[in-house]
Amino acid sequence: MRRAAEDLADRLGAVERRFGKAAALFCQTSAAFEVLAASGKVGEIVRVEMDEALLAGAPGLVAPPETVPFEDGSLDLVVSLLSLHAMNDIPGVLAQIRRALKPDGLFLGALAGAGTLAELRESMLAAETELYGGASPRILPFTDVRDAGALLQRAGLALPVADVETVVVRYDTLFDLAADLRAMGETSPLIDRSRRPGSRRLFARAAEIYAERFSDPDGRVRAGFSIVWMSGWAPDASQQKPLKPGSAKVSLKAILENPPKG
């Protein structure tokens, strides 16, 4: 979360404008709020969390997951860090964000994307298949960066951009990774997962496979987290628009055959 907040600061720093009112939407900690406040670019900031405990006594709103509790056209900026991946209806949430933004308002969001915990997924799948002859889903399906760009367009956001950053964290064993995930509240929320408790034998074998396939020379294991960043603007007449096909006055062929000299 700290790393995502640092990235948010960099991305916000590249935007040459001020924002009257911003929402930090389901960011789980105060990190995003603090980045917005330190930027000097935001007038009013409202934190929204799905549980009052996450506000830790700080001012803010409590709202059900997958709801954006603001009137249409009331926000200049919405940011969301590392929560969208756990929502059932990402397109619906993005559409609500689009409606809550004023014309030319900005959305910046980060979510865990495809490739996150791929090592853990593969190790658990291999161990469960080996021991039980089949496997059930244990890790969320994550959004691919290309799909993220399409989701922004589907929500009606203009100038959509999606990119991905992969962060590798190293642990002593699979069990240390699992302890971190549990402490973060990021164990599997899948409804369709197996209700049969995982046995010690299953996790021991998964840890062996993890170490065999994904360890470094010093014996520590790698865990990859792919952070997909999304940005888009509420449409406005002032924004740049692509030229219509066929409207160019000079053909690409002419440029390639007669390159400029000098």
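Please refer to the structure higher up on the page.
Residues numbered from 1 in each chain as written. Predicted model: local features only at pLDDT ≥ 70, side-chain atom pairs only at ≥ 80, totals over all residues. Heavy atoms only, no water.

Asks: Can you lay out the overall build of the protein chain for me, pointing to particular residues and giving the numbers?
Replies: Within the protein chain, the secondary structure is distributed over nine helices and seven strands. By residue count, 41% of the 262 residues in the protein chain fall in the buried class. For the protein chain, the share of sequence-separated contacts (at least 6 apart) that also reach a separation of at least 24 residues comes to 75%. When the accessible area of the protein chain is evaluated, it comes to approximately 14600 Å², of which 54% is carbon and sulfur surface. (Helix = DSSP H or I, 4+ residues; strand = E, 2+ residues; numbered from the N terminus. Buried < 20%, exposed > 50% of the residue type's maximum accessible area, 1.4 Å probe, protein only. Contact = heavy atoms within 4.5 Å. Areas by Shrake-Rupley, 256 points an atom, 1.4 Å probe, with all protein chains shown as cover.)

Asks: Residues and numbers for helix α8 (residues 200-214), please.
Replies: A rise of 1.5 Å per residue sets the reference length of α8, with its 15 residues, at 21 Å; its end C-alpha atoms lie 21 Å apart and thus fit the reference within 8%. For α8, the complete set of buried residues consists of Leu202, Arg205, Ala206, Ala207, Ile209, Tyr210 and Phe214. If you follow the buried residues of α8, they end up packed against α5 (118-132), α7 (174-183) and β7 (221-233). (Expected span 1.5 Å × (residues − 1).)

Asks: Run through the pairing of β7, naming residues and quoting values.
Replies: Most of β7 sits inside the fold, with twelve of its 13 residues counted as buried. Taken together, the seven bridges between strand β5 (residues 101-112) and β7 define a ladder with antiparallel strand orientation. In the sheet register, Ala112 faces β7, and the bridge partner there is Ile227. Bridge analysis of strand β6 (residues 158-171) against β7 gives twelve bridges, and the strand direction is antiparallel. (Pairing = 2+ DSSP bridges.)

Asks: Now, about the packing of helix α1 (residues 2-13) against helix α2 (residues 31-39): what can you tell me, with residues and values included?
Replies: For the pair α1 and α2, interaxial distance at closest approach is 9 Å and the crossing angle is 30°. Between α1 and α2, the crossing angle belongs to the class labelled roughly parallel. Note on packing geometry: the crossing formed by α1 with α2 is right-handed. For the pair α1 and α2, the contacting residues are Ala5, Leu8, Ala9 and Leu12 in the first and Ala31, Ala32, Val35, Leu36 and Ser39 in the second. (Axes fitted to C-alpha atoms, helices over the stretch in contact; angles between N-to-C directions. Parallel < 35°, antiparallel > 145°, perpendicular 65-115°, else oblique. Left-handed = near helix turned anticlockwise from the far one by under 90°.)

Asks: Tell me about the packing of aromatic side chains, and please be specific about residues and values.
Replies: By convention here, two paired aromatic rings are described through the distance between centres and the angle between planes. Following the criterion strictly, the structure yields one aromatic pair and no others. With a centroid separation of 5.6 Å and an interplanar angle of 75°, the aromatic rings of Tyr210 and Phe214 are classed as edge-to-face. In this pair, Tyr210 and Phe214 both sit in helix α8, four residues apart, roughly one turn of the helix. For the pair Tyr210 and Phe214, a shared accessibility class is recorded, and that class is buried. (Phe/Tyr/Trp six-rings, centres within 6.5 Å; stacked < 30°, edge-to-face > 60°.)

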